[in-house]
Amino acid sequence: MRIGLFAPLAGPFATAEYLTTLGAAAEQRGFHSVWLAEHVVLFDDYRSTYPYAANGRIPAPPESGMLEPFTALAFLAAVTRTLRLGTGICLLPQRNPVYTAKEAANVDFLSGGRLDLGVGVGWLAEEFRAVNVPFENRGARCRSYVEVMRALWCDAVSEYKDEFYELPACRMYPKPVQRPHPPLHFGGESDAALRRVADLGQGWYGFNRDPREAREGIQRLEILLAIAGDRDGLLRSLDQHAQRVEEAAR
């Protein structure tokens, strides 16, 4: 079993010294990966419901703040050698996809191909308003932005157009080390989120799931993968993962 760390890098403890210690200690103890969360702003008052707490409130004081994940991952890349570096998760539909593709490619390039890109559509409508992006249709926008990024990562001359984004013919370098691009792990537990995994992803970023809940999510995903087509390898991998999670919990 490969075990990773979720590290919400928030103030006041998320200093350069802390990140250096985190990276070194994780590698020394044999951890496979570290995953960093993203919120560009938080709020004293908000009406949105945080989906991973019974009271609907995110367990982070608004003044704590989180380090921007790609910046922090680039820092961790410089002080580690083997640790996989993941976003858990990147709020893609509220970002610019060209800048996100560039940042992700740079982290993968500088780390020697160690980036795992966790992607989610977000839950905090107030944050979308703060960055002047519509909260509505964020799932469809996420799919669109993934295609923009794939074009930038994979094509010598990149070009893309749909209802959400128009990318004129251009060149983006450096390309990611991992080919065709860093693995995409989609977050969320809804049917729509799991469909994104089946249609677009190389992995599922489940969050705050106990072994029973993880297995239920994987079983739902298996059905969607079967519908999506021939993804037997990922099916077997997910099933093995579910069994290992249950064994570890016994």
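Everything discussed here concerns the structure shown above.
Everything quoted here is computed from the prediction, not taken from an experiment.

Asks: Looking at this structure, how should I read the packing of aromatic side chains?
Replies: Ring pairs (aromatic) are described by centroid distance and by the angle formed between their planes. Following the criterion strictly, the structure yields nine aromatic pairs and no others. With a centroid separation of 5.3 Å and 45 degrees between ring planes, the pair formed by W35 and Y205 is classed as tilted. Note that W35 is positioned in strand β2 (residues 33-36) and Y205 in strand β8 (residues 203-205), a separation of 170 residues in sequence. Taking 5.2 Å as the distance between ring centres and 65 degrees as the angle between the ring planes, the aromatic pair formed by Y50 and W123 counts as edge-to-face.

Asks: What should I look at first to understand the pattern of salt bridges in this one?
Replies: Oppositely charged side chains can pair when the atoms bearing their charge come close. Tallied over the full model, the rule gives nine salt bridges. Between R95 and E103 there is a salt bridge whose closest N-O contact spans 3.0 Å. Judged by relative accessible area, R95 falls into the buried class, the value being 14%. D191 is the partner of R220 in a salt bridge, and the nearest nitrogen-oxygen pair spans 2.8 Å. Here the residue R220 occupies a position in helix α7 (residues 211-228), and D191 occupies one in helix α6 (residues 191-200), the gap between them amounting to 29 residues.

Asks: Sorry if this is basic, but what is going on with the environment of M149 here?
Replies: As for its position among the elements, M149 is in helix α5 (residues 138-154). When its relative accessible area of 0% is taken as the criterion, M149 is described as buried. Linking M149 and Y99, residues 50 residues apart in sequence, is a C-alpha distance of 9.2 Å. The contacts of M149, once residues within four sequence positions are left out, are L92, P97, T100, A101 and L117.

Asks: Teacher, can you tell me more about the nonpolar core here?
Replies: A general trend in soluble globular proteins is that nonpolar side chains are found buried together. L9, V34, L36, L117, W153 and F186 are the most contacted members of the largest nonpolar core, which has 46 residues in total. Counting residues per element, this core draws most heavily on α5, which supplies seven residues. When residues no more than four places from it in sequence are discounted, the contact partners of W153 are A101, A104, A105, L117, M172, K175, P176, R179, P180, H181 and L184. W35, L42, I58 and L124 belong to the second-largest nonpolar core, a separate cluster that totals 11 residues.

Asks: Please clarify how the sheet that holds strand β3 (residues 84-91) should be interpreted in this entry.
Replies: Sheets are built from strands that pair by backbone hydrogen bonding, the pairs being arranged parallel or antiparallel. Ordered by their spatial adjacency, six strands build an open sheet running β1-β2-β3-β4-β7-β8, and the pairing between neighbours is parallel. Each end of this open sheet is capped by a strand with a single partner; those strands are β1 (4-6) and β8. Adjacent strand axes in the sheet meet at a mean angle of 25 degrees, parallel and antiparallel pairs treated alike. The pairing of β3 with strand β4 (residues 115-120) spans five bridges and is classified as parallel. Paired with T87 across the bridge in β4 is L117. Of the strands in this sheet, β2, β3 and β4 touch helix α2 (residues 69-79), which is tilted by about 175 degrees from β3. Across the sheet, α5 is in contact with β4 and β7 (184-187); its angle to β7 comes to roughly 170 degrees.

Asks: Sorry if this is basic, but what is going on with α7 here?
Replies: Working note: α-helix, 3.6 residues per turn, so residues spaced by three or four point in the same direction. In a regular helix each residue adds 1.5 Å, so 18 residues correspond to 26 Å; α7 covers 25 Å between its end C-alpha atoms and thus fits that length. For α7, the complete set of buried residues consists of A214, G217, I218, L221, L224 and L225. Take α7 and look down its axis: the buried residues cluster within an arc of 120 degrees, on one side only. Along α7, exposed side chains directed more than 90 degrees from the buried face belong to I223, A226 and I227. At the N-terminal end of α7, a side-chain oxygen is found 3.1 Å from the backbone nitrogen of R212, two or three residues along, and the residue is D210.

About the cut-offs
Residues numbered from 1 in each chain as written. Predicted model: local features only at pLDDT ≥ 70, side-chain atom pairs only at ≥ 80, totals over all residues. Heavy atoms only, no water. Phe/Tyr/Trp six-rings, centres within 6.5 Å; stacked < 30°, edge-to-face > 60°. Helix = DSSP H or I, 4+ residues; strand = E, 2+ residues; numbered from the N terminus. Salt bridge = Lys/Arg side-chain N within 4 Å of Asp/Glu carboxyl O. Buried < 20%, exposed > 50% of the residue type's maximum accessible area, 1.4 Å probe, protein only. Contact = heavy atoms within 4.5 Å. Core = buried A, V, L, I, M, F, W, Y, C linked by side-chain atoms within 4.5 Å. Pairing = 2+ DSSP bridges. Axes fitted to C-alpha atoms, helices over the stretch in contact; angles between N-to-C directions. Expected span 1.5 Å × (residues − 1). Arc of directions from axis to C-beta. Polar contact = N/O pair within 3.5 Å; in protein donor to acceptor, adjacent residues only side chain to side chain.

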